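Next come the chains, spelled out residue by residue.
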Amino acid sequence: MDFARDYKMLIGGALDGGSARFDVLNPATEQVIGTAPDASRDDLDRAVAAARAAFPGWAATPIEERKAALNAMGQAIFANADAFKRLLTAEQGKPHAEAEGEIMGAGYWLMGAASLDLPVTVNEDSDERYSETRHVPLGVVGAIAPWNFPMVLAMFKVGPALLAGNTMVLKPSPFTPLATLKFGELVKDMLPPGVLNIVTGGDALGPWMTSHKGFDKISFTGSTATGRRVMESAAPTLKRVTLELGGNDAAIVMPDVDVERIAEELFWAAFRNNGQICIATKRMYVHEDIYEPLKDALVAYAKTVKVGDGSEQGTQIGPINNEAQYRRVLELIEDAKAQGYKFLIGGEATDVPGYFIPVTILDNPPEDSRIVQEEQFGPVLPLIRFDDVDDVVARANATDYGLGGSVWGRDEDKAFEIAQRIASGTVWVNETQHLSPTAAFGGMKQSGVGVEGGLEGLLEYTSAQTIVRRRPAGPTL
Ligand code: NAD
């Protein structure tokens, strides 16, 4: 399989080049690295029809066979990790080491989903009746993925949806379609035709999916603004939705941390993947007793970090993935400058090809500043002073977002107590961004609807069905 060309959709078990194509750029060079099919409405209809046709057979396939297929797909990803890694770096921008981490995570997530089981609850088992509740698949799932972690976030959906017996049409972001298309080519013969279909296209394709009558559920990962549109568009046909949306995670750093030891980890909590992580630390609240030394340690560490083309040896932070996001991050930097906020490092756009923004750290901007209140999704971190725990908890929670958050302190019990007061779907103590295919992950408030991962995430791909059987001992009809 040639990972460097021939990107085709997967529709009904066949590879399909589509009738039109669009360019995919390398964000480090702004050069075209390939073209992807630009699906027409007819292409989408054919993918949905294939998924519908495959549904009864897949739903009736024993779960052990469905697990075996997911495990085989996971192994196939592992076996091709090197080629996937290079392609992912080329289209997404992340450094090779991180791209490899994401690819391994994608395989691991499929296999992790395959370790789950669908429970059956016995509600009553008496002389009069036997009643059980089980979980049956929904039908055809439309999966829509973003560009920051195109492969692993797609597998967050593929694993549990297929395990539960659904079929799927998966759409990657137009900025990062290529690795997902190669995944389709790789696993094409590991599943019955139509169980997994992959379509790519421009801005029209997502809305076509969310309004399409042939889908029973939409599983969406992306921004909160788009999530609202997805929910609205899914409403007329009452599709189920799972929405994994944006965040503005606060890290709360208590005064008893070992500043020198923790600085590097805190840095990466904010800057990993160039800050383009839904659960990146986007506001860092630092206790005033350690504000100055931690600030200095973060800036000193930031100066050692290499920003560059992700395919070059030693690069630790790549470019922003696409021009629109690049402009958005620059606009937030310009706003901070216009307001006169103090920059500790960074803040100047580089005059080289590629969507590069230097690591930028701001010194205690006001709580109501845009850089504190908005999701930056880029390499710009506001450090903010606090001196009172109740006050900082209130500030951390004073947002419509509620995705993640973290508390850092040597007194773990104290940190744990504070963590429980953060209104977010996941809160970490003395670490961050650790996720698992067997643990629920999702957003509170406007960071999402529903969860992915774990039994809770699996059940979102099912309908609860209660079957009640009258016992022969009851009166005959
Ligand atoms: P986005 O909302 O722009 O796009 C996400 C996907 O939706 C893409 O595939 C896009 O083509 C598609 N899309 C765009 N408009 C659509 C519409 N009207 N209807 C249906 N589909 C549509 O998001 P993005 O810029 O790709 O990703 C960044 C955002 O995603 C950030 O806000 C980030 O926090 C969030 N995110 C959340 C999670 C999570 O698990 N909660 C994970 C990663 C990213």
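Worth saying up front: this structure is predicted, and the values here are computed from it rather than measured. In this numbering scheme, every chain counts its residues from 1 along its sequence in written order. Only residues with pLDDT of 70 or above have their local features reported here, since the model is predicted, and side-chain atom pairs are shown and tallied only from 80 upward, although totals for entire chains, interfaces and linings are computed over all residues. Side-chain figures throughout are based on the complete set of non-hydrogen atoms in the structure, without hydrogens or water.

K.L.:
Just give me the short version of the environment of G347, but keep the residues and values in it.
P.N.:
Each helix corresponds to a stretch of at least 4 residues labelled H or I by DSSP, and each strand to a stretch of at least 2 residues labelled E; elements are numbered beginning at the N terminus. Turning to its location among the elements, G347 is positioned in the loop between strand 14 (342-345) and strand 15 (360-363). Separated by 15 residues in sequence, G347 and L332 have C-alpha atoms that sit 9.9 Å apart. Contact definition: two residues touch when any of their heavy atoms are within 4.5 Å. Apart from residues lying up to four places away in sequence, G347 is in contact with I333, K337, P358 and T360.

K.L.:
Talk me through the packing of helix 2 (residues 63-79) against helix 4 (residues 96-113); I want residue IDs and the actual numbers.
P.N.:
In a pair of packed helices, the angle between the axes and the distance between the axes together describe the arrangement. Simply put, an axis is a line fit to the C-alpha atoms, just over the touching stretch for a helix, and the angle between two N-to-C directions goes from 0 to 180 degrees. One way to put it is that helix 2 packs onto helix 4 with a least axis distance of 8 Å and a crossing angle of 170°. Between helix 2 and helix 4, the angle is such that the two are roughly antiparallel. Pair helix 2 / helix 4 crosses with left-handed handedness. Taking contact as the criterion, the partners of L70, N71, M73, G74, Q75, I77 and F78 in helix 2 are, on helix 4, I103, M104, A106, G107, Y108, L110 and M111. We call Asp, Glu, Lys and Arg charged. Ala, Val, Leu, Ile, Met, Phe, Trp, Tyr, Cys and Pro are nonpolar, and the rest, Gly among them, are polar. Here the residues of the contact of helix 2 with helix 4 are counted per class, giving 10 nonpolar, four polar and no charged. These descriptions rest on fixed angle ranges, namely under 35 degrees for roughly parallel, over 145 for roughly antiparallel, 65 to 115 for roughly perpendicular, and the rest for oblique. Note: crossing handedness is left-handed where the near helix turns anticlockwise from the far helix by less than a right angle, and right-handed where it turns clockwise.

K.L.:
Requested: an account of the site of the ligand, with residues and values cited.
P.N.:
For each residue, the test is whether any non-hydrogen atom lies within 4 Å of the molecule or strand; if one does, the residue is near. Close to the ligand lie 29 residues, the nearest being A145, K171, T226, L245 and E375. Measuring from an oxygen atom of the ligand, one finds a backbone N or O atom of G222 at 3.1 Å. Between the ligand and the protein, one listed contact pairs an oxygen atom with a backbone N or O atom of S223 at 2.9 Å. Relative to its unbound accessible area of 850 Å², the ligand is 89% covered by the protein chains. Whenever two N or O atoms come within 3.5 Å, that pair is a polar contact, provided that in protein one can donate a hydrogen and the other can accept it, and provided that, for residues adjacent in sequence, both atoms are side-chain atoms. In this description, accessible areas are obtained by the Shrake-Rupley approach with a 1.4 Å probe, and a residue is regarded as covered only by the protein chains that are shown.

K.L.:
Can you explain the pairing of strand 11 (residues 240-244)? Please cite residues and give values.
P.N.:
Exposure classes here rest on a 1.4 Å probe applied to the protein chains alone. A residue is buried below 20% of its type maximum, exposed above 50%, and partly exposed in between. Of all the five residues making up strand 11, four are buried; the element is thus mostly covered by neighbouring parts of the structure. Two strands are said to pair when DSSP picks up at least two bridges between them. Judged from the five bridges that link them, strand 10 (residues 217-221) and strand 11 form a sheet pairing that is parallel. Across the sheet, K217 pairs through a bridge with R240, a residue of strand 11. A crossover counts as right-handed when, viewed with the strands pointing away from the observer, the path leading from the first strand over the helix to the second turns clockwise. In terms of handedness, the path from strand 10 via helix 8 (residues 224-234) over to strand 11 forms a crossover that is right-handed. Here strand 11 pairs with strand 20 (residues 448-449) via two bridges, running antiparallel. Within strand 20, the position partnered with L243 by the bridge is V449.

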